[in-house]
Amino acid sequence: MSDFETEDTEETITCLQITIYHPKQEEKAVFRGLSFHHQQQLRADDIVKFGRDSNICRFHFADSRVSRVQFGLQFFRHFNSSEFGFEIKNLSKKGKLTVDGVELAYLNKVNLPDNCMVCFGDYQMQLEKQEGQCEDYFNICFELTRMPLLQEKNLVLKKPVCESSSYAQFPTEMDENE
């Protein structure tokens with residue numbers, strides 16, 4: 001038997017890929033406390049906090065508009081399953097946190113879908129889970145994007161213009177019996 005045959009099988013580690021955007025990220029350097037394009041290994045039993053306070057938060061933002069502790073992520077194994085997941089909890093009393101458009105109030109938590117959008121203030125984060133088998137550790141990797149991840153829908157109501165005139169005629173409502 002060769003050494004190759006008797007070696008332990010290498011476990012893959014679950015990775016949370018976080019693509020992040022802020023409209024003033026270049027002017028204000030709000031992400032100077034983050035390391036990009038590099039997987040950071042964390043213990044499975046850690047509650048990973050994000051916020052402004054670098055003494056409390058593992059990942060901090062250099063922005064006075066971010067709460068001292070904005071939110072926390074917890075790694076977990078689904079009940080009666082070998083699949084792992086993440087839950088997110090809003091830890092800010094003042095700041096709104098949304099997950100795929102659903103607003104979480106202070107201390108509310110939800111399980112993160114495998115691919116989702118998390119927003120607070122002007123921050124937009126796309127989180128994508130890459131599945132692994134390791135139950136002792138998980139990785140987080142940040143990517144920076146220069147384009148907004150979420151496009152605001154600016155709906156401007158315009159009056160219709162008739163082809164034959166410069167003013168609009170709106171149909172009048174009629175009763176079915178008329």
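Residues numbered from 1 in each chain as written. Predicted model: local features only at pLDDT ≥ 70, side-chain atom pairs only at ≥ 80, totals over all residues. Heavy atoms only, no water.

## Here we look at the state of the cysteines
Working definition of a disulfide: a covalent bond connecting the sulfur atoms of two cysteines.
Thought 1: By the definition in use, this model includes 0 disulfides.
Thought 2: Cys 141 provides the cysteine sulfur closest to Cys 15, a residue in no disulfide bond, and the two sulfurs are 5.6 Å apart.
Thought 3: Since its relative accessible area comes to 2%, Cys 15 is described here as buried.
Thought 4: Note on Cys 119: no disulfide assigned, nearest cysteine sulfur contributed by Cys 116 at a separation of 9.7 Å.
Thought 5: We classify Cys 119 as buried; its relative accessible area is 12%. (Disulfide = S-S within 2.5 Å. Buried < 20%, exposed > 50% of the residue type's maximum accessible area, 1.4 Å probe, protein only.)

## Here's the deal with the side chain of Glu 87
Thought 1: The residue Glu 87 is located in strand S6 (residues 84–90) in this model.
Thought 2: For Glu 87, the residues in contact, after removing those within four places along its chain, are Gly 72, Leu 73, Gln 74, Phe 76, Lys 109, Val 110, Asn 111 and Leu 112. (Helix = DSSP H or I, 4+ residues; strand = E, 2+ residues; numbered from the N terminus. Contact = heavy atoms within 4.5 Å.)

## Here we look at the sheet that holds strand S8 (residues 102–104)
Thought 1: Spatial ordering of the open sheet is given by S2-S12-S1-S11-S10-S7-S8, a layout of 7 strands whose pairing is mixed. The sheet is open, and its two edges are formed by strand S2 (40–43) and S8, each paired on a single side. Pairs of neighbouring strands in the sheet enclose a mean axial angle of 25°, with direction left out of account.
Thought 2: Note that strand S1 (residues 15–21) and strand S12 (residues 137–144) share 6 bridges and pair parallel. In the strand pairing of S12, Ile 18 is matched with Phe 142. (Pairing = 2+ DSSP bridges. Axes fitted to C-alpha atoms, helices over the stretch in contact; angles between N-to-C directions.)

## Side note on the pattern of salt bridges
Thought 1: By the definition in use, this model includes 9 salt bridges.
Thought 2: Here Lys 109 makes a salt bridge to Glu 87, at a shortest N to O gap of 3.4 Å. Of this pair, Lys 109 sits in strand S9 (residues 109–111) while Glu 87 sits in strand S6, and the two are 22 residues apart along the sequence.
Thought 3: Taken together, the shared-partner salt bridges connect Glu 83, Asp 114, Lys 129 and Glu 131 into one network. (Salt bridge = Lys/Arg side-chain N within 4 Å of Asp/Glu carboxyl O.)

## A few points about the environment of Gln 124
Thought 1: Within the element layout of this structure, Gln 124 appears in strand S11 (residues 123–130).
Thought 2: Distance from Gln 124 to Leu 150, taken between C-alpha atoms, is 7.1 Å for residues 26 residues apart in sequence.
Thought 3: With near-sequence residues (within four places) excluded, Gln 124 lies in contact with Thr 19, Ile 20, Tyr 21, Val 118, Cys 119, Pro 148, Leu 149 and Leu 150.
Thought 4: Of the polar contacts made by the side chain of Gln 124, one reaches the backbone nitrogen of Leu 149; its length is 2.7 Å. (Polar contact = N/O pair within 3.5 Å; in protein donor to acceptor, adjacent residues only side chain to side chain.)

## A word on the side chain of Lys 129
Thought 1: Note on placement: Lys 129 falls in strand S11.
Thought 2: One polar contact links the side chain of Lys 129 to the main-chain carbonyl oxygen of Phe 84, over a distance of 2.5 Å.
Thought 3: With sequence-adjacent residues up to four places away left out, Lys 129 is seen in contact with Thr 14, Cys 15, Leu 16, Glu 83, Phe 84, Gly 85, Phe 86 and Asp 114.

## Re the pairing of S6
Thought 1: Among the 7 residues that make up S6, 6 are buried, leaving the element largely enclosed by the rest of the structure.
Thought 2: Bridge count for strand S5 (residues 71–77) against S6 is 7 bridges, and the pairing is antiparallel. When the bridges of S6 are listed, Gln 74 appears paired with Glu 87.
Thought 3: Here S5 folds back onto S6 in antiparallel fashion, the turn holding 6 residues, of which Asn 80 has a positive phi close to 55°.

## Some details on the nonpolar core
Thought 1: If you look at the biggest cluster of nonpolar residues, it comprises 32 residues, and the most contacted ones within it are Phe 50, Phe 61, Ile 88, Leu 112, Val 118, Met 125 and Ile 140.
Thought 2: Every element with two or more residues in this core is listed here: S1, strand S3 (47–51), S5, S6, strand S7 (97–99), strand S10 (115–120), S11 and S12. (Core = buried A, V, L, I, M, F, W, Y, C linked by side-chain atoms within 4.5 Å.)

From the geometry alone we can't say anything about function, so treat these as descriptive.
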